[in-house]
Amino acid sequence: MDTTTLLHTLPIEAKDIPAPQQFTFPFCYEPHPLCRLAAKEVMEHCYTSEEMRPKEGKMFGVLVVEGGCYLAAFSGIYNGSYNHAGFVPTIYDLQNPDGYFFEEEQRIDAISRQIAETCDAEEQTKLKVLRKSKSHDLQMWTFRQFKMLNARGERKDLTEIFKDVKSPFSVEEYNDYITGRTQIKPKSKIGIPPGGAGECCAPKLLQYAYTNHLKPLCMAEFWVGPAPKDELRSEGLYYPACQHKCRPILSHMLQGLDVEENPMLKKNREMLAQVRTIYEDDIMMVVYKPSGLLSVPGKDEDEPSLLTHIRTTIPQAMLPHRLDMDTSGLMLVAKDEATYKYLQAEFYRHNIKKKYIAILSSPTAADGRCCSAQSGIINLPLSPNAFDRPRQMVNYERGKKAVTHFRFITDSKVELIPETGRTHQLRVHCAHPDGLGRAIKGDNLYGTPSDRLYLHAQSIEFLHPASGEQMSFSQEEL
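This is a predicted model, so every value here is computed, not measured. (Residues numbered from 1 in each chain as written. Predicted model: local features only at pLDDT ≥ 70, side-chain atom pairs only at ≥ 80, totals over all residues. Heavy atoms only, no water.)

### A short note on the packing of aromatic side chains
Alright, step 1. This model, assessed by the stated rule, comprises 14 aromatic pairs.
Alright, step 2. Ring geometry for Y279 and F473: centres 5.3 Å apart, planes at 40 degrees, overall tilted. Of the two residues, Y279 sits in strand β9 (residues 276-280) while F473 sits in strand β19 (residues 470-474), which places them 194 residues apart along the sequence.
Alright, step 3. The exposure class of Y279 is partly exposed, given its relative accessible area of 22%.
Alright, step 4. For F473, a relative accessible area of 14% corresponds to the buried category. (Phe/Tyr/Trp six-rings, centres within 6.5 Å; stacked < 30°, edge-to-face > 60°. Helix = DSSP H or I, 4+ residues; strand = E, 2+ residues; numbered from the N terminus. Buried < 20%, exposed > 50% of the residue type's maximum accessible area, 1.4 Å probe, protein only.)

Okay, structure coming up:
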């Protein structure tokens, strides 16, 4: 393919914008101004080209390269095709009618027709075993066709990249389970790449740049078109690369590039200095956790957390509950196992009362309808997004009960009292159209990033584990 047809010149406004010193850390970033200019052009193109006009929502991406140009891509299939003029091609074209994948898929479809046509149970069983074997072999063959480059010129296919990675189940398995077509709950597998791996924007952009000897400078991914039914995506907003498919791939593909440090690691280290003890006795503590600090250790061993910080002076400390990393506020700390178990049980029984304060983002057209009530109850069941953790989604069929009481203090300031304690419950209940319809200010997962997430655990009430005394603490912030 002619490189010149896919290299787009940045608009004239870019001439006075300096290039970044380091490449984008794709899992947590603020889009560089050059990427914003490129993204704006791509979005305008999608609405002025009949071929690209959104029939469905899709993630798009831009990669700015040295020389004042950029590349554009979309994730997976868009408007029925893997390839559209002006966008980098897929790494391996599964739609090629002359290719092995297409031919082998036809043979598997023929076996399915044989299964449907035969009444012989023994023959059906043999054919199903054959179909399963051929489907698995074709899937693994396909993964080997995605030979991913990095900046050092090293090449690994997806089976090599994922050989030690615990990957989630396929979208097909998950959909069969949640729709009731099968009662077998899908399980994660080690060494099997997830379906669609290598087809997201970031890998496609980097692969094309490396193949054509272009030097990447910065990258951003953003949503175009309507939001999917069960997910919170808003047109024009920027999103990090997905974890389950892209993290292993990009960990390989970014080698050889000078990449920014994960900004959350740097922020976490700075946050430790803001941890404060509000109350302490022989068996427990009440502490303030700042926004940006993990409650407990994450997957990255170098990432600081409130618990590891406290354990430097109280090695036996335990946390009976958590706050999201981006949420600030009051937390309880147990100094012994008996206190820990008591507080855990009290949380489970909903005997510990917590109140949050949030600042909501200004309503926009993209927010759809916004809640007009001054107070009320939000009841939206939640489940993890199995294919883009840690994001959560509203799921009326298989989601767990999630209930939040709300009361507006001002037009943008709201008091939130959770009746349940689901992951990201308050964030999703605020952002979802069937909730408040406005994301919390600074919510980089369900809204628009800012200097912080404006969600604060303001007060907590509980009975003291030893004395039974009613304890109440409050910490103003927002």
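From this point on, the discussion continues.
### What to know about the environment of C371
Alright, step 1. Among the structural elements, C371 can be located in the loop between β12 (353-359) and β13 (375-379).
Alright, step 2. Along the backbone, C371 and L436 are 65 residues apart, and their C-alpha atoms lie at a distance of 4.7 Å.
Alright, step 3. Aside from chain neighbours lying at most four places away, what touches C371 is F406, G435 and L436. (Contact = heavy atoms within 4.5 Å.)

### Notes on unusual backbone geometry
Alright, step 1. Of note in the backbone geometry, N79 takes a positive phi value of approximately 50 degrees without being a glycine.
Alright, step 2. Considering the arrangement of structural elements, one finds N79 in the loop between β3 (69-74) and α2 (100-117).
Alright, step 3. By relative accessible area, N79 is classed as buried at 16%.
Alright, step 4. Of note in the backbone geometry, H213 takes a positive phi value of approximately 55 degrees without being a glycine.
Alright, step 5. Examined against the element boundaries, H213 turns out to sit in the loop between α6 (201-211) and β8 (216-224).

### Comments concerning the sheet that holds β8
Alright, step 1. Spatially, β1-β3-β2-β8 is the arrangement adopted by the four strands of the open sheet, whose pairing is antiparallel. Sheet topology places β1 (8-9) and β8 at the edges, where each strand pairs with a single neighbour.
Alright, step 2. For strand β2 (residues 58-65) and β3, the ladder comprises six bridges, and the chain directions are antiparallel. Along β3, the bridge assignment pairs V64 with Y70.
Alright, step 3. On the sheet, helix α1 (residues 33-48) packs against β1, β2, β3 and β8 and is oriented at approximately 40 degrees with respect to β8. (Pairing = 2+ DSSP bridges. Axes fitted to C-alpha atoms, helices over the stretch in contact; angles between N-to-C directions.)

### Remarks on the packing of α2 against helix α3 (residues 121-145)
Alright, step 1. The contact between α2 and α3 brings their axes to 9 Å, and the two run at 165 degrees. By the angle class used here, α2 and α3 are roughly antiparallel. For the crossing formed where α2 meets α3, the hand is left-handed. Here Y100, F101, E104, E105, I108, I111, S112, Q114 and I115 of α2 come into contact with α3, specifically with Q124, L127, K128, L130, R131, K134, S135, L138, W141 and T142.
Alright, step 2. Split into classes, the residues belonging to the contact of α2 with α3 amount to nine nonpolar, five polar and five charged. (Parallel < 35°, antiparallel > 145°, perpendicular 65-115°, else oblique. Left-handed = near helix turned anticlockwise from the far one by under 90°. Nonpolar A, V, L, I, M, F, W, Y, C, P; charged D, E, K, R; others polar.)

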